[in-house]
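Close look at the chain arrangement
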Amino acid sequence: PVGLSQAAKAAGKLYFGSATDNYHLTDGPYISILSDQLQFNQITPGNSMKWDATEPRRGVFNFAGGDEIVAFARKSNQLVRGHTCVWHSQLAPWVTQGNFDNSTLQQIVKDHTTAVVSHWKGQMYAWDVVNEIFNEDGTFRQSVFLDTIGPSYVEVAFRAAREADPSAKLYLNDYNIDGLGAKSTGVVNLVRSLKSSNVPIDGIGLQAHLIVGSLPPNIQENLEQFTNLGVEVAITELDIRMTLPVTPEKLEQQRKDYASVIGACNAVKGCVGVTIWDFTDKYSWIPSVFAGEGVALPWDENLERKPAYDGIIQGFTGQ
Ligand code: G3I
């Protein structure tokens, strides 16, 4: 049977990939699946390129975790998506508690983005330069960056990232921007204004952390409204969770839901690829955050494929 990245590439997409984390890389059966290029030709580090990992103290950088995952990906000719330069969460405490003034914090954002993006210069397909910067109503989410610098912190990060690695595609990434709605409209308005000020932005990442049986309607139209801005789009953190216990009916619905999300990307030329947020229920973030929910990925916790696997193939092949 065809592999997931084979199906994606046959459909004209750049990649199908998975997030992973350093502590998974000693799990033999796990990495024999993750390193199979026929399944995954793109990898995203789930944690080791975030600010708390890469710059734990001001001017002190630690790239070891990211290096390990980049080396793993390169061994299997897998593209890498960098995640993420500027985010309010998993942010090193010295930044949130630093009480910096506007120009100092701008310099800190510039220095951090420059150091991280230059470290992996030429090795990254894309960077999530900023992550989760909107509220559900499309206004800017409160953060130390917004409070101290204002909305222009976004531009500061993108300009620094482009300067540091012109070869990387620069993305804005968020959740709950999968269908039409106020948050997606916030994204449209910001990207339009960034573009008109010649701020270097190349893509919009839709995290797509979704729920079985209640996908947002109009995912395809939303992808199209984003690509109409002159950027590419990617589904960057796909998982489709269900309320336990697992039943055959829920697994079948999950297959259908994966098929329709992948189908939406497949139908939109500027949707370049799909990344799932790890590939097996064994390592999913969901049970630790959403009690009583989980089973969100195409391989189960015993590394056996689920019907969702076939749904992904169907989404790319149309059958
Ligand atoms: O590394 C420490 C370890 O030293 C410690 O013993 C352990 C117990 O406290 O925590 C470990 O850190 C955990 C980290 O993952 C690494 O495993 C954190 O507690 C835990 O909160 C963190 O969760 C990550 C989560 O982001 C935090 O927001 C998940 O792994 C990661 O998959 C998840 O990914 C995010 C994306 O970055 C953005 N979109 C949403 C997505 C899901 O939350």
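Residues numbered from 1 in each chain as written. Predicted model: local features only at pLDDT ≥ 70, side-chain atom pairs only at ≥ 80, totals over all residues. Heavy atoms only, no water.

**Notes on the packing of helix α6 (residues 102–119) against helix α8 (residues 153–164)**
Two elements in contact, α6 and α8, have axes separated by 8 Å at closest approach and are oriented at 30°. At the point where α6 passes α8, the crossing takes the right-handed sense. Along the contact surface, α6 presents Gln106, Val109, Lys110, Thr113, Thr114, Val117 and Ser118, while α8 presents Tyr153, Val156, Ala157, Ala160, Ala161 and Ala164. Across the contact of α6 with α8, the residue classes tally to eight nonpolar, four polar and one charged. (Axes fitted to C-alpha atoms, helices over the stretch in contact; angles between N-to-C directions. Helix = DSSP H or I, 4+ residues; strand = E, 2+ residues; numbered from the N terminus. Left-handed = near helix turned anticlockwise from the far one by under 90°. Contact = heavy atoms within 4.5 Å. Nonpolar A, V, L, I, M, F, W, Y, C, P; charged D, E, K, R; others polar.)

**A look at the nonpolar core**
The nonpolar side chains of a soluble globular protein tend to be buried with one another. Counting 96 residues, the largest nonpolar core has Phe16, Trp127, Phe145, Leu172 and Leu238 as its most contacted members. Among the elements that take part in this core, α8 stands out by supplying seven residues, more than any other. Setting aside its immediate chain neighbours within four residues, phenylalanine 16 contacts Leu4, Ser5, Ala8, Gln39, Phe40, Asn41, Gln42, Ile262, Val274, Ile276, Ile312 and Phe316. Among the nonpolar cores identified, the runner-up in size contains six residues, and Tyr15, Tyr125, Tyr171 and Val272 belong to it. (Core = buried A, V, L, I, M, F, W, Y, C linked by side-chain atoms within 4.5 Å. Buried < 20%, exposed > 50% of the residue type's maximum accessible area, 1.4 Å probe, protein only.)

**Details of the pairing of strand β9 (residues 271–276)**
Of all six residues making up β9, six are buried, and the element is well covered by its neighbours. In terms of strand pairing, strand β1 (residues 15–20) meets β9 through four bridges, oriented parallel. Along β9, the bridge assignment pairs serine 18 with isoleucine 276. With three bridges joining them, strand β8 (residues 232–243) and β9 adopt parallel strand pairing. The residue bridging isoleucine 235 from the neighbouring strand is valine 274, located in β9. (Pairing = 2+ DSSP bridges.)

**Brief notes about the confidence of the model for the chain**
When pLDDT is low, close inspection of the predicted coordinates is not appropriate. Confidence in the prediction for the chain averages 98 pLDDT; 100% of positions are at 70 or higher. Per the prediction output, this complex has pTM 0.98; the corresponding ipTM is 0.94. (pLDDT = per-residue confidence, 0-100.)

**Quick look at the site of the ligand**
In the neighbourhood of the ligand, 13 residues make up the surrounding shell, with Asn47, Lys50, His83, Glu237 and Trp277 lying closest. Measuring from an oxygen atom of the ligand, one finds a side-chain N or O atom of lysine 50 at 2.7 Å. Within the side chain of glutamate 132, a nitrogen or oxygen atom sits 3.1 Å from a nitrogen atom of the ligand. Summarising the interface, the protein chains cover 45% of the accessible area of the ligand, which totals 780 Å² for the free molecule. Its residues assigned to classes, the shell around the ligand comprises three nonpolar, six polar and four charged. (Near = heavy atom within 4 Å. Polar contact = N/O pair within 3.5 Å; in protein donor to acceptor, adjacent residues only side chain to side chain. Areas by Shrake-Rupley, 256 points an atom, 1.4 Å probe, with all protein chains shown as cover.)

**A word on the pattern of salt bridges**
Applying the stated criterion across every chain yields a total of ten salt bridges. Glutamate 136 is the partner of lysine 183 in a salt bridge, and the nearest nitrogen-oxygen pair spans 2.7 Å. Of this pair, lysine 183 sits in helix α9 (residues 182–196) while glutamate 136 sits in the loop between β4 (126–131) and α7 (144–148); the two residues are 47 residues apart in sequence, bridging distant segments of the chain. According to the relative accessible area criterion, lysine 183 is buried, its value standing at 3%. On the accessibility criterion, glutamate 136 (42% relative accessible area) is partly exposed. Two residues, lysine 183 and aspartate 174, come together in a salt bridge whose shortest N-O distance is 3.4 Å. (Salt bridge = Lys/Arg side-chain N within 4 Å of Asp/Glu carboxyl O.)

**Description of α9**
Relative to the 21 Å expected for 15 residues at 1.5 Å per residue, α9 spans 21 Å between its end C-alpha atoms, a close match to the ideal helical length. All buried positions along α9 are accounted for by Lys183, Ser184, Gly186, Val187, Val188, Leu190, Val191 and Leu194. Elements that come into contact with the buried residues of α9 comprise α8, β5 (169–174), β6 (203–206) and α10 (219–227). (Expected span 1.5 Å × (residues − 1).)

**Looking at the pairing of β8**
Among the twelve residues that make up β8, eleven are buried, leaving the element largely enclosed by the rest of the structure. Examined bridge by bridge, β6 and β8 share four bridges and lie parallel to one another. By the bridge assignment, isoleucine 204 is partnered in β8 with valine 233. Relative to β8, strand β7 (residues 209–211) is paired through three bridges, and the arrangement is parallel. Paired with leucine 210 across the two strands is isoleucine 240, which belongs to β8. Handedness of the crossover is the feature at issue here: the chain leaves β7, passes through α10, returns alongside β8, and the resulting connection is right-handed. In terms of handedness, the path from β8 via helix α11 (residues 248–267) over to β9 forms a crossover that is right-handed. Taken together, the two bridges between β8 and strand β10 (residues 293–294) define a ladder with antiparallel strand orientation. Across the sheet, residue threonine 243 finds its bridge partner in β10, namely glutamate 293. (Right-handed = clockwise from strand over helix to strand, strands pointing away.)

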